[in-house]
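# Summary of the model geometry
Listed below are the residues making up each chain.
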Amino acid sequence: MTVHAQPTSIQPSRPRADSATLPTTASSPTPRIWTRHREKLAVPAVIGLGLWLWHLLVQWQDYPVFILPGPLVVARKFLTVWADGTLVRHATVTLTEIGLGLLLG
């Protein structure tokens, strides 16, 4: 005697409504660019928020520059040492020391 399995009714799968594919309407608070490019915009948004919070913390607590410099002070110093070649020179020495340490160590 052969046993046959009862056929099960399989419902056709409906495409899932993903927020990235839904068009926005006038009543929708989320702009279309954010829903479509969420992953690409998240990183710059988080970095920008972090820089803004850093700036607010420095302004609010009035830290001395040698304790916690603000982001604008750091950016100016970075551009200065990049332009005069100090950054490249020190980075070359540091990377050479790391390479020698790995080879000899």
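Rules used in this analysis
Residues numbered from 1 in each chain as written. Predicted model: local features only at pLDDT ≥ 70, side-chain atom pairs only at ≥ 80, totals over all residues. Heavy atoms only, no water. Helix = DSSP H or I, 4+ residues; strand = E, 2+ residues; numbered from the N terminus. Buried < 20%, exposed > 50% of the residue type's maximum accessible area, 1.4 Å probe, protein only. Areas by Shrake-Rupley, 256 points an atom, 1.4 Å probe, with all protein chains shown as cover. Patch = residues over 30% accessible without salt bridge, like charges linked within 9 Å, V, L, I, M, F, W, Y side chains within 5 Å. Salt bridge = Lys/Arg side-chain N within 4 Å of Asp/Glu carboxyl O. Expected span 1.5 Å × (residues − 1).

### Comments concerning the overall build of the chain
Per the secondary structure count, the chain includes 4 helices and 0 strands. Ordered by position from N to C terminus, the α and β elements of the chain give α-α-α-α. The proportion of buried residues among the 105 residues of the chain is 6%. Counting only carbon and sulfur atoms, one obtains 68% of the accessible surface of the chain, whose full area is about 9700 Å².

### Regarding a nonpolar patch on the surface
Taken together, Leu57, Trp60, Tyr63, Phe66 and Ile67 make up a surface patch of nonpolar side chains, about 630 Å² in accessible area. Its place among the elements puts Trp60 in helix H2 (residues 38-61). Since its relative accessible area comes to 68%, Trp60 is described here as exposed.

### Looking at helix H3 (residues 71-83)
With 13 residues, H3 should reach 18 Å at 1.5 Å per residue; the first-to-last C-alpha distance of 18 Å fits that figure. Downstream of H3 by one or two residues, Gly85 has phi in the positive range, about 85°.

### Observations regarding unusual backbone geometry
Backbone geometry at Asp62 places phi at a positive 55°, although glycine is not the residue there. The topology assignment puts Asp62 in the loop between H2 and H3. Given the relative accessible area of 63%, Asp62 is considered exposed.

The quantities given are spatial measurements derived from coordinates; they are silent on function.
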